[in-house]
Amino acid sequence: MSITRLTEGSRVTRQAITKHLRVMEGSGLVRGTRHGRESLWQLDRRRLEDARRYLDRISRQWDDALLRLRRFVENPQDGPP
Amino acid sequence: MNTDRIQKKVLLRAPLKRVWRALADSTEFGTWFGMRFEGPFAPGARMPAVIVPTAVDAEVAKAQKPYEGIPFEITIEQMEPERLFSFRWHPGAVEPGVDYAAEPTTLVVFELEEVADGIMLTVTESGFDQIPLARRAKAFQANEGGWSMVMKLIEQHVRNA
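The rules behind these values
- Residues numbered from 1 in each chain as written.
- Chains lettered and ligands numbered in written order.
- Predicted model: local features only at pLDDT ≥ 70, side-chain atom pairs only at ≥ 80, totals over all residues.
- Helix = DSSP H or I, 4+ residues; strand = E, 2+ residues; numbered from the N terminus.
- Buried ≥ 20, exposed ≤ 12 C-beta atoms within 10 Å, placed from the backbone.
- Contact = placed C-beta atoms within 7 Å.
- Pairing = 2+ DSSP bridges.
- Axes fitted to C-alpha atoms, helices over the stretch in contact; angles between N-to-C directions.
- Core = buried A, V, L, I, M, F, W, Y, C linked by C-beta atoms within 7 Å.
- Arc of directions from axis to C-beta.
- Parallel < 35°, antiparallel > 145°, perpendicular 65-115°, else oblique.
- Nonpolar A, V, L, I, M, F, W, Y, C, P; charged D, E, K, R; others polar.

(A) Structural detail: the overall build of chain B. Scanning chain B for helices and strands turns up 4 helices and 7 strands. Along the chain direction, N to C, the helices and strands of chain B fall in the order β-α-α-β-β-α-β-β-β-β-α. Per-residue burial over chain B gives 23% buried out of 161 residues. Of the contacts made within chain B by residues no fewer than 6 positions apart, 46% connect residues no fewer than 24 positions apart.

Pasting the structure below:
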């Protein structure tokens, strides 16, 4: 998608959009390729998917950790002597 | 979808003092979490730790085994006795040889609330939006690599049996 299309119908300036896109490019969310006078931008879906799975994984790790904590505080034999 | 935070709630059927000790005492925290700390927790303290297999769950302990001895650090933020315990850390910072010091941290907050049946514990980890995407993707791939290695070991074991 080009900047011209992205800014269509919005009051955001081309400069502001470009700035945002550069930040997103820095973190790998979008990729820009030069086409003549214009840059075309595309979403990197794989990266987005990685980010989502990363959060899912950490979420599962917390589920496991809290189960361990529950066993630890509810079972006297798991506690310190 | 909120990509910045994870929140969990769990009901613990144990006295408030017991739950607080399991969080605020660095030895007890390490026992169920699977870390060994040097010294006691205190607000503002930087706590070096190493990963050790948890003493609470044999299966998880086995999964933690490959990471045993990997250094780790958490920085204690707040300690309000029997109410709130929080710290910062680098999530998933277990790749050997990577210096995470310059990267942003996430904030982990444990909140305790007395309810009729025990203690309602809420854990909130926030700040994920600040973690570089490349790091998040890499952490996932590293983990996936770990799993394929385990699968290979199981396969070998079954074949030799």
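(B) Structural detail: the overall build of chain A. Within chain A one finds 3 helices and 2 strands. Across the 81 residues of chain A, 12% fall into the buried class. Sequence-distant contacts, at least 24 apart, represent 16% of the contacts inside chain A between residues at least 6 apart.

(C) Spatial organisation of the sheet that holds strand E5 (residues 84–89) of chain B. Residues and elements named next belong to chain B. Taken in spatial order, the 7 strands line up as E1-E7-E6-E5-E4-E3-E2 in an open sheet, and their pairing is antiparallel. Two strands in the sheet have a free side with no partner beyond their single neighbour: strand E1 (5–12) and strand E2 (35–37). Each neighbouring strand pair of the sheet contributes to a mean axis angle of 25°, computed without reference to strand direction. Direction of pairing for E2 relative to strand E3 (residues 46–51): antiparallel, over a ladder of 3 bridges. Across the sheet, the residue bridging to Phe-37 is Ala-49, located in E3. Running over the sheet, helix H1 (residues 16–24) touches E1, strand E4 (71–80), E5, strand E6 (106–115) and strand E7 (118–126) and is turned about 170° from E6. Contacts from helix H2 (residues 26–33) reach E2 and E3 within the one sheet, and its direction differs from that of E2 by about 165°.

(D) A look at the nonpolar core. Ranked by size, the top nonpolar core spans 18 residues in total, and within it A:Val73, B:Val19, B:Ala22 and B:Leu23 carry the most contacts. Sequence-distant contacts of B:Leu23, that is, excluding residues within four places in its chain, are made with B:Phe29, B:Phe85 and B:Phe110.

(E) A look at H1(B). Residues B:Val19, B:Trp20, B:Ala22 and B:Leu23 constitute the buried set of H1(B). Seen end-on, H1(B) carries its buried residues on one side only, within an arc spanning 160°.

(F) Local environment of the environment of B:Asp129. All names here are of chain B. Structurally, Asp-129 can be placed in the loop between E7 and helix H4 (133–160). Through-space distance from the C-alpha of Asp-129 to that of Gln-7 is 15 Å; in sequence the pair is 122 residues apart. When sequence neighbours within four positions are dropped, the list of residues in contact with Asp-129 reads Thr-3 and Asp-4.

(G) The packing of H1(B) against H2(B), seen in detail. Residue and element names in this part refer to chain B. For the pair H1 and H2, interaxial distance at closest approach is 5 Å and the crossing angle is 85°. With respect to H2, the element H1 is oriented roughly perpendicular. Facing Arg-21, Ala-22 and Leu-23 of H1, the residues of H2 in contact are Glu-28, Phe-29 and Trp-32. Counted by class, the contact of H1 with H2 contains 4 nonpolar, no polar and 2 charged residues.

(H) Main features of H2(B). Within the sequence span of H2(B), burial applies to B:Ser26, B:Phe29, B:Thr31, B:Trp32 and B:Phe33. B:Gly34 sits one or two residues past H2(B) and shows a positive phi near 100°.

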